[in-house]
Amino acid sequence: MQKIIPLLGAALLSLSAAAQDSEIVKTGYNFGPLPAIAYDADKGFQYGAILNIYNYGDGTLYPNYGSKIYLEASFFTKGSQLYTLTYDNKMLIPGIRWSSALTASIDKAMDFYGFNGYSSWFDQERVAAGKQNKKQWQDPEKYLYTPFYRVSRVQILGKTDFIGDITEHLQWEAGYHFSWFKEGPIDRASINKGKDDYNIYPDSEPTLFENYRNWGLIDDAEADGGFTSSIRLGLVYDSRDKEGAPTRGTWAEGHIIAAPRWLGTRNPYYRYSFTLRQYFPLIDNDVLTFAYRLNYEGAFGNQSPYYVLPYITVMGENCDKDGMGGYRTVRGVMRNRVVGLDMATYTAELRWRFVNFSLWNQNIAFGLSAFSDGTMVTRGRDMSFRGEEKYRASYEEYMSKGQEHDSPHITVGAGLRFIMNENFIVALEYGTPITHFYPKNHPLYNQDGTGAFYINTGYLF
């Protein structure tokens, strides 16, 4: 995730004195070295460094850029690390947009809540008890520590995409993507370091991931991750007025992803993705915009490995967005809460830009937004028992608590944005799942968590 807080205080203090009516057309290179200081409820506080390099050329493309380089090295207080390099160029190859990215992340305690959404029970009551760290809760029947719903993961993603024109708004897309996943149980020594005896996560208590292994829901071939190598082909229709903060137009994409064994993939899979985004100006001049996104991620067959499932397909500048639940996918739902072979997702958002002005030769704006996000598994992974008989009783107890089928995971929320030169956008947002407002005796009460606050960059779409 990319998150920063740049110059917000200075911009706010200078707002009344610096306001101007005319917009500055940016040209040439614009450099943005910045500290990465942010917060994400899933990963904790972030600290690091970011460098943005925009090339606006002679200004004819503005508010879009001609090329862009993005560099980031970030660390999170919950143990994650993130390293990212992206390159996006619309001018190097005539008629072709070339985008490449390489990202590596290390998660010592990444969320794992099982498969098929509400079919996998999240014991929020016992987790809440465990977070209180009371000595009297020595009986594991009364509490669960959060490491029960965690795994360790190292992930490397790389891609290069090419996009070319067919007609004015219709384009073709083709790309090569690779990834390497190393996933497994949490490192108990790291998790337990410095904790009091009564807070230690015991070796005798299996995590949910270890239970899934014991029950045969994750087989040996895919359990530890592996290398994937894929080719992507697609079509895109793009009539947006601008890319960074669009206010009118349609942006629709359809892709097919093939990751066969002969291309080097350890666990072959074939998937497809459709995304429709539309923007409607309710008040012109970028003042009030309604935007929505519909996405469907699906699999051909039943063989997609579990570690490639919680993603929204992305072609162009960035790598795929992971964690179905979280800032880049469904704000307010716990990260990776919704994982299945096929998943449908929506976002509806009202965007109000309440002020525009020029400051220090930069175009500055502030905006508010109100949104609702939602997702659900429409076709789940096989959850039938395939383990040793000694584990069947715990499996049946677990499955008896979940729902037979998934249903929509819906959130509502609001946010504030700082917008500079239509492309550099800082977002502060809070989302909460509607299950948080259900009665406590409702079977879905707090099954998606209690809400989350994010500081990040850009719009979701």
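Everything that follows concerns the structure shown earlier in this document.
The structure presented is a predicted model; accordingly, all values stated were derived computationally and were not measured.

Visitor: Describe the overall build of the protein chain, and please don't skip the residues or the numbers.
Guide: Across its full length, the protein chain holds seven helices and 18 strands. The burial tally for the protein chain puts 56% of its 461 residues in the buried class. Looking at the protein chain alone, contacts between residues at least 24 apart form 68% of all its contacts between residues at least 6 apart. Carbon and sulfur atoms provide 59% of the accessible area of the protein chain, an area that totals close to 19800 Å².

Visitor: Hey, could you go over the pattern of salt bridges for me, with residue numbers and the actual values?
Guide: Tallied over the entire structure, the rule returns 31 salt bridges. A salt bridge links E253 to R277; its shortest N-O distance comes to 2.9 Å. Here R277 lies in strand β10 (residues 269–283) and E253 lies in strand β9 (residues 249–259), a separation of 24 residues in the sequence. No difference in accessibility class separates E253 from R277, as the two residues are buried. Across the pair E397 and K401 runs a salt bridge whose closest N-O atoms are separated by 3.8 Å. In this pair, E397 and K401 both sit in helix α7 (residues 392–401), four residues apart, roughly one turn of the helix. Note on E397: relative accessible area 48%, which makes it partly exposed. Within this structure, R331, E349, R351, D373, R417 and E429 form a network of salt bridges that share partners.

Visitor: Now, about the nonpolar core: what can you tell me, with residues and values included?
Guide: Among the nonpolar cores identified, the biggest contains 38 residues, and F112, F115, Y149, L208, Y212, W215 and I218 are the most heavily contacted of them. Counting residues per element, the ones that place at least two in this core are β5 (96–111), β6 (150–165), α5 (208–215), β9 and α7. It is α5 that contributes the most residues to this core, four residues altogether. Beyond its immediate chain neighbours, meaning those up to four positions away, F115 contacts S120, Y212, L217, I218, Y306, V339, R381 and M383. Core analysis: the second largest hydrophobic core is formed by 12 residues, F357, F366, F424 and V426 among them.

Visitor: Give a description of the side chain of N446 that names residues and reports values.
Guide: Tracing the backbone through its elements, the reader meets N446 in the loop between β17 (424–433) and β18 (452–457). One polar contact links N446 to Y445, side chain to side chain, over a distance of 3.4 Å. Residues in contact with N446, not counting those within four places in the same chain, are F122, Q124, T435 and H436.

Visitor: Which residues make up the environment of Y307, and what are the values?
Guide: Of note, Y307 is situated in the loop between β11 (288–299) and β12 (311–312). The class of Y307 is buried, set by a relative accessible area of 2%. Between the C-alpha atom of Y307 and that of E222, which follows or precedes it by 85 residues, the distance is 8.2 Å. Here the side chain of Y307 touches N267 through a polar contact of 2.8 Å, side chain to side chain.

Visitor: Before we move on, could you go through the environment of P63 and cite the residues and values that matter?
Guide: Along the polypeptide, P63 turns up in the loop between β2 (44–55) and β3 (67–76). Taking C-alpha positions, P63 is 6.1 Å from E422, a pair spaced 359 residues apart along the chain. Dropping the residues within four chain positions of it, P63 is found in contact with Y56, K242, N421, E422 and N423.

Visitor: Before we move on, could you go through the pairing of strand β15 (residues 362–379) and cite the residues and values that matter?
Guide: Here β15 lies mainly inside the structure; 13 of its 18 residues are buried. Taken together, the 17 bridges between strand β14 (residues 342–359) and β15 define a ladder with antiparallel strand orientation. The residue of β15 that forms the bridge with D342 is R379. Taken together, β14 and the strand that follows it, β15, pair antiparallel across an intervening segment of two residues, in which W360 is found at a positive phi of about 55°.

Visitor: Describe a nonpolar patch on the surface, naming the residues involved and giving the relevant values.
Guide: A contiguous nonpolar patch, built from L71, L85, L102, I156, Y176, W180, F227, I231, L233 and W262 and spanning about 940 Å² of accessible area, is present on the exposed surface. At the level of elements, β7 (170–184) and β8 (225–238) are the ones that each hand at least two residues to the nonpolar patch. Locating W262 in the fold gives a position in the loop between β9 and β10.

Visitor: I'd like a rundown of the pairing of β18, residues and numbers included.
Guide: Counting buried residues along β18, five of its six residues qualify, which places the element largely inside the surrounding structure. Where β17 meets β18, six bridges bridge the pair, whose relative direction is antiparallel. Bridge pairing links Y430 to F453 in β18.

Visitor: Account for α5, naming residues and giving values.
Guide: Side chains of residues three or four places apart in an α-helix project in the same direction, reflecting 3.6 residues per turn. Most of α5 is tucked away, with six of its eight residues classed as buried. The complete set of buried residues in α5 reads L208, F209, E210, N211, Y212 and W215. Within two residues after α5, G216 carries a phi angle of roughly 80°, on the positive side.

Visitor: Which residues make up the packing of α5 against α7, and what values go with them?
Guide: Interaxial distance between α5 and α7 falls to 10 Å at its minimum, and their mutual angle equals 120°. Considering their axes alone, α5 and α7 lie oblique with respect to each other. Regarding α5 and α7, the two cross each other, and that crossing is left-handed. Seen from α5, the contacting residues are L208, Y212 and W215; seen from α7, they are S394, Y395 and Y398. Classifying every residue of the contact of α5 with α7 gives five nonpolar, one polar and no charged.

Visitor: Pulling in residues and values, what's your account of the environment of D107?
Guide: Here D107 is to be found in strand β5. For D107, a relative accessible area of 2% puts it in the buried group. Of the polar contacts made by the side chain of D107, one reaches the side chain of S80; its length is 2.3 Å.

Quick notes on the rules
- Every chain begins its residue count from 1, and numbering advances along the sequence as written.
- Residue-level local features of this predicted model are given only where pLDDT is at least 70; pairs of side-chain atoms are given and counted only at 80 or more, and the full residue set underlies all totals for whole chains, interfaces and linings.
- As a rule here, side-chain values come from all non-hydrogen atoms in the structure, and water together with hydrogens is ignored.
- Counting from the N terminus, the helices are DSSP H or I runs at least four residues long and the strands are E runs at least two residues long.
- Each residue's exposure class comes from its accessible area (1.4 Å probe, protein chains only) as a fraction of the maximum for that residue type: buried when under 20%, exposed when over 50%, partly exposed otherwise.
- In what follows, a contact means two residues having at least one pair of non-hydrogen atoms within 4.5 Å.
- Shrake-Rupley sampling with a 1.4 Å probe provides the accessible areas, and residues are treated as covered by the protein chains on show and by no other component.
- One speaks of a salt bridge when a side-chain nitrogen belonging to Lys or Arg is within 4 Å of a carboxyl oxygen belonging to Asp or Glu.
- In this description, a nonpolar core means a group of buried Ala, Val, Leu, Ile, Met, Phe, Trp, Tyr and Cys residues linked to one another through side-chain atoms lying within 4.5 Å.
- Polar contact is defined as a pair of N or O atoms within 3.5 Å, subject to the rule that within protein one atom must be able to donate a hydrogen and the other to accept it, and that residues adjacent in sequence are counted only when both atoms are side-chain atoms.
- Only strands that DSSP links by at least two bridges are regarded as paired with each other.
- Each patch is built from salt-bridge-free residues with over 30% relative accessible area, joining like charges within 9 Å and nonpolar side chains (Val, Leu, Ile, Met, Phe, Trp, Tyr) within 5 Å.
- Note on method: axes are straight lines fitted to C-alpha atoms, helices fitted across the in-contact stretch only, with angles between N-to-C directions ranging 0 to 180 degrees.
- Just so you know how the angles are binned, under 35 degrees is roughly parallel, over 145 roughly antiparallel, 65 to 115 roughly perpendicular, and the rest oblique.
- We call a crossing left-handed when the near helix sits turned anticlockwise from the far one by less than a right angle, and right-handed when that turn is clockwise.
- In this classification, Asp, Glu, Lys and Arg are treated as charged, Ala, Val, Leu, Ile, Met, Phe, Trp, Tyr, Cys and Pro as nonpolar, and every other residue, Gly included, as polar.

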